[in-house]
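# Secondary and tertiary structure notes
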Amino acid sequence: MALSRVCWARAAVWGSAVTPGHFVTRRLQLGRSGLAWGGPRSSKLHLSPKADVKNLMSYVVTKTKAINGKYHRFLGRHFPRFYVLYTIFTKGIISIPPFANYLVFLLMYLFPRQLLIRHFWTPKQQTDFLDIYHAFRKQSHPEIISYLEKVIPLISDAGLRWHLTDLCTKIQRGTHPAIRDILALRECFSNHPLGMNQLQAFHVKALSRAMLLTPYLPPPLLRHRLKTHTTVIHQLDQALAKLGIGQLTAEEVKSACYLRGLNSTHIGEDRCRTWLGEWLQISCNLKEAELSLLLHNVVLLSTNYLGTRR
């Protein structure tokens, strides 16, 4: 009883609202378990009702939803393209830790060329970024022409040697080659030394850069990728020839030209249609064994078209 009165007095001093029986029982249990007596903890730490905790959690959730809603509306109004991408990611296409998505979107905003697909670029970004990519592939053009000159002595046919020498000279002088000048070399590009399976490793790497493909792979794999890429383009050319260039929109024509090596961002639609027609005439006259010529046509036909060589 004395112990109970002492505890009740101490509880009154500390402002605790707990009943003496419960408090004494709890302290006696702690004493039996070997713990030090010590003063009681603050009531705020262990005496908060469960209802208060639920109310607090509900308040936090409500506030979070409200803030998130305002964030969505802000993105939708001010950054509609970005908001489309944001909703795609948040709907579960990718799974990232909480709040890491904000870092991802910040990086996409800062590096749109590296992290966003073309659909999300602004018109100005499309022009600027396509120029950058074309500058990358254009760096390999002189290297490819130089390699063609080096293999001329390895060609057994004297007529083919003359045609290839003449073609390389025209391109180096800034002349756009005629269709017949390129088609005259079909046999030259169907076997050694310019057949698809006979290309040297450094030449395959240069062609990969011209096609905007990574050159940092083993040569056999690079050769396989180039062959697959060229075959797909050849099949698209055959389908496009049947459809007719006139059925394409201006944007589709420019995209088709860019895919085949021409920087069409600064060339008019009519000129792009003319160039694409020349490409199709060459492509549709090539057999599967001659696709190495179509691959080199990315350089041969685009380097000097309308003064694009700068």
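The rules we used
Residues numbered from 1 in each chain as written. Predicted model: local features only at pLDDT ≥ 70, side-chain atom pairs only at ≥ 80, totals over all residues. Heavy atoms only, no water. Helix = DSSP H or I, 4+ residues; strand = E, 2+ residues; numbered from the N terminus. Buried < 20%, exposed > 50% of the residue type's maximum accessible area, 1.4 Å probe, protein only. Contact = heavy atoms within 4.5 Å. Polar contact = N/O pair within 3.5 Å; in protein donor to acceptor, adjacent residues only side chain to side chain. Salt bridge = Lys/Arg side-chain N within 4 Å of Asp/Glu carboxyl O. Axes fitted to C-alpha atoms, helices over the stretch in contact; angles between N-to-C directions. Parallel < 35°, antiparallel > 145°, perpendicular 65-115°, else oblique. Nonpolar A, V, L, I, M, F, W, Y, C, P; charged D, E, K, R; others polar. Patch = residues over 30% accessible without salt bridge, like charges linked within 9 Å, V, L, I, M, F, W, Y side chains within 5 Å. Areas by Shrake-Rupley, 256 points an atom, 1.4 Å probe, with all protein chains shown as cover. Lys, Arg positive; Asp, Glu negative; His and termini not counted. Charge placed at Lys NZ, Arg CZ, Asp CG, Glu CD. Core = buried A, V, L, I, M, F, W, Y, C linked by side-chain atoms within 4.5 Å. pLDDT = per-residue confidence, 0-100. Left-handed = near helix turned anticlockwise from the far one by under 90°. Phe/Tyr/Trp six-rings, centres within 6.5 Å; stacked < 30°, edge-to-face > 60°.

## A few points about the overall build of the protein chain
Along the backbone of the protein chain there are 16 helices and zero strands. Within the protein chain, the fraction of its 310 residues that count as buried is 35%. Here the contacts in the protein chain between residues at least 6 apart in sequence split such that 59% fall between residues at least 24 apart.

## Comments concerning the side chain of His203
Locating His203 in the fold gives a position in helix 12 (residues 201–210). At a separation of 2.7 Å, a polar atom in the side chain of His203 contacts the side chain of His296. In this structure His203 touches Ile144, Tyr147 and His296, once residues within four positions along its chain are discounted.

## Examining unusual backbone geometry
Between His192 and the following residue, Pro193, the backbone shows a cis peptide bond with an omega angle of 5°. Mapped onto the elements, Pro193 comes out in the loop between helix 11 (179–183) and helix 12.

## Digging into the pattern of salt bridges
A complete count under the given rule lists five salt bridges for this structure. A salt bridge links Arg260 to Asp237, with the shortest nitrogen-to-oxygen separation between them at 2.8 Å. With a gap of 23 residues between them, Arg260 in the loop between helix 14 (250–259) and helix 15 (269–283) and Asp237 in helix 13 (residues 219–243) connect regions that are remote in the sequence. Judged by its relative accessible area of 3%, Arg260 falls in the buried class. Using a relative accessible area of 0% as the deciding quantity, one classes Asp237 as buried. Residues Arg273 and Glu269 are paired through a salt bridge, measuring 2.8 Å at the closest nitrogen-oxygen approach. Of this pair, Arg273 and Glu269 are both found in helix 15, four residues apart, which corresponds to roughly one turn of the helix. One network of salt bridges, in which partners are shared, links Asp166, Lys170 and Asp181.

## A closer look at the packing of helix 13 against helix 16 (residues 291–300)
The interhelical angle for the contact between helix 13 and helix 16, taken along N-to-C directions, is 90°, at an axis separation of 10 Å. With respect to each other, helix 13 and helix 16 are oriented roughly perpendicular. Side by side, helix 13 and helix 16 meet where Leu226, Thr230, Thr231, His234 and Asp237 of the first sit next to Leu291, Leu294 and Leu295 of the second. In the contact of helix 13 with helix 16, the residues fall into four nonpolar, three polar and one charged.

## Details of a positive patch on the surface
On the surface, Lys63, Lys70, Arg73 and Arg77 cluster together into a patch of positive charge. Of note, Arg73 is situated in helix 4 (residues 50–78). You can call Arg73 partly exposed: its relative accessible area is 48%.

## Concerning the nonpolar core
Across soluble globular proteins, nonpolar side chains have a tendency to be buried as a group. Counting residues in each nonpolar core, the largest one holds 54 residues, and the members touching the most others are Leu164, Cys188, Leu194, Trp279 and Leu300. Within the residue set of this core, elements represented by two or more residues are helix 9 (141–150), helix 10 (158–172), helix 11, helix 12, helix 13, helix 14, helix 15 and helix 16. Discounting residues that sit within four places of it in the chain, Leu194 has contacts with Tyr147, Leu148, Val151, Leu164, Cys188, Phe189, Leu199 and Ser292.

## Describing a nonpolar patch on the surface
Together, Leu56, Tyr59 and Val60 make up a nonpolar patch on the protein surface, roughly 310 Å² of accessible area in all. One can find Leu56 in helix 4.

## Looking at the confidence of the model for the protein chain
Per-residue confidence for the protein chain gives a mean pLDDT of 78; residues scoring 70 or more make up 66%. Of the regions scoring below 50 in pLDDT, residues 1–47 engages in 24 contacts with residues more than four places distant in sequence or in other chains. Counted against residues more than four places away or in other chains, residues 109–113, with its pLDDT under 50, gives 10 contacts.

## Considering the packing of helix 9 against helix 10
Taken N-terminus to C-terminus, the directions of helix 9 and helix 10 make an angle of 155°; their axes are 10 Å apart at the nearest point. When the axes of helix 9 and helix 10 are compared, the pair comes out roughly antiparallel. As helix 9 packs across helix 10, the resulting crossing turns out to be left-handed. Residues Ile145, Leu148 and Glu149 of helix 9 lie in contact with helix 10, whose contacting residues are Leu164, Cys168, Ile171 and Gln172. Among the residues forming the contact of helix 9 with helix 10, the class breakdown is five nonpolar, one polar and one charged.

## A short note on the packing of aromatic side chains
All chains considered together, the criterion is met by three aromatic pairs. Relative to Phe136, the ring of Tyr133 has its centre 6.4 Å away and its plane inclined at 70°; by these criteria the two rings are edge-to-face. In this pair, Tyr133 and Phe136 are both assigned in helix 8 (residues 123–138), three residues apart and thus about one turn of the helix distant. What makes Phe136 partly exposed here is its relative accessible area of 41%.

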